Amino acid sequence: MSILDEAATLAGTGPVCDACLGRVYADRSFGLTNAERGRSLRVALGLETDVEPESVDVADCWVCEGESGRFDEWAERCVDAVGDVEFERYQVGTRAPPLVEENEALLREEAGLDADAGEAFKSEFNREVGKRVGRLTDTEVDFGRPDVQFLLDVADDSVETTVNSAFVYGRYRKLERDIPQTEWPCRECDGSGRQGRQPCDHCGGSGYLYDRSVEQLVAPVVLDVMDGTEALFHGA
Ligand SMILES: [Zn+2]
Ligand SMILES: [Zn+2]
């Protein structure tokens, strides 16, 4: 079967939106969105058969049930979800609705194609929503360790945001004795500063064996400057 015969078969399975049609051929050609691929196939079919190319409203698509028309909406929800957290690099992941994944396999079967021909709905979702998040926030996608990760649960209609820690590296010179590197909680009172109802004798009620440590001097400042919620100090 030629690609146009296949496309005609796919399009004939019921209303299939441009993106869902084009996604079957996501690995063909470059620089196109799947919606452009789908639309182009319909135009080519229209030319071949000399009819007006079919237009399918995304909302009517039996494969994605309209989800391919919601990239902008999901991107805006990501931006809302992250609030005022500053970030430069992000990543978008998608949990696809099981029904949509089943429909994708069914669609391909109808034309005798592999169940995973082209690309998966969730791959396109990651990319299309990701591009939009980047544009809206002037940030870059990062597949390694991004500052922020968005998980779109399409069936659950929710966005989960994970803000990864920022690392601050520093060195210091030890000019004085008796300032330990990390906090040193009192072992007699487990850092509570109390022994029963009484202040702890061992640490004088402070909960620490030393009043100052590099960690206690540095971590709160960094936490404050970076508007953080929690600081962990690792001394080496
Ligand atoms: Zn669709
Ligand atoms: Zn103590």
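Residues numbered from 1 in each chain as written. Chains lettered and ligands numbered in written order. Predicted model: local features only at pLDDT ≥ 70, side-chain atom pairs only at ≥ 80, totals over all residues. Heavy atoms only, no water.

An unreviewed UniProt entry annotates the chain as tRNA pseudouridine(54/55) synthase Pus10 of Halobium palmae.

Q: Mind showing me how you'd approach the coordination of the zinc ion (ligand 1) here?
A: Coordination angles at a metal have ideal targets, namely 109.5 degrees for four tetrahedral donors and 90 or 180 degrees for six octahedral donors. In the first shell of the zinc ion (ligand 1), the protein supplies Cys17 (SG), Cys20 (SG), Cys61 (SG) and Cys64 (SG), at 2.2 to 2.3 Å from the metal. Here the zinc ion (ligand 1) is ringed by 4 donor atoms whose angles at the metal span 106 to 117°, and the overall shape comes out tetrahedral. Read in sequence order, the donor residues coordinating the zinc ion (ligand 1) give the pattern C-x2-C-x40-C-x2-C. In this structure, cysteine 61 and cysteine 64 share a single accessibility class: buried. (Donors = N, O, S within 2.8 Å, 3.2 Å for Na, K, Ca; no water. Tetrahedral: all angles 85-135°; square planar, octahedral: opposite > 155°, others 65-115°. Buried < 20%, exposed > 50% of the residue type's maximum accessible area, 1.4 Å probe, protein only.)

Q: How should I be thinking about the nonpolar core in this particular structure?
A: Soluble globular proteins tend to pack their nonpolar side chains together in the buried interior. Counting 37 residues, the largest nonpolar core has Leu10, Phe125, Val129, Phe150 and Leu152 as the members making the most contacts within it. Elements supplying a minimum of two residues to this core: helix 1 (3-11), helix 2 (18-23), helix 3 (34-49), helix 4 (71-82), strand 1 (89-95), helix 5 (98-110), helix 6 (121-137) and strand 3 (148-153). Here this core takes 5 residues from helix 4, the largest share from any one element. Among residues more than four places away in sequence, those in contact with leucine 152 are Trp74, Cys78, Val92, Gly93, Thr94, Arg95, Phe125, Val129, Ser158 and Val159. (Core = buried A, V, L, I, M, F, W, Y, C linked by side-chain atoms within 4.5 Å. Helix = DSSP H or I, 4+ residues; strand = E, 2+ residues; numbered from the N terminus. Contact = heavy atoms within 4.5 Å.)

Q: How do you make sense of the packing of helix 1 against helix 3 when you look at a structure like this?
A: For the pair helix 1 and helix 3, interaxial distance at closest approach is 10 Å and the crossing angle is 105°. Classified by the angle their axes make, helix 1 and helix 3 are roughly perpendicular. Each of Ile3, Leu4, Ala7, Ala8 and Ala11 in helix 1 lies in contact with helix 3, whose residues at this interface are Leu41, Arg42, Ala44, Leu45 and Glu48. Broken down by class, the residue content of the contact of helix 1 with helix 3 amounts to 8 nonpolar, no polar and 2 charged. (Axes fitted to C-alpha atoms, helices over the stretch in contact; angles between N-to-C directions. Parallel < 35°, antiparallel > 145°, perpendicular 65-115°, else oblique. Nonpolar A, V, L, I, M, F, W, Y, C, P; charged D, E, K, R; others polar.)

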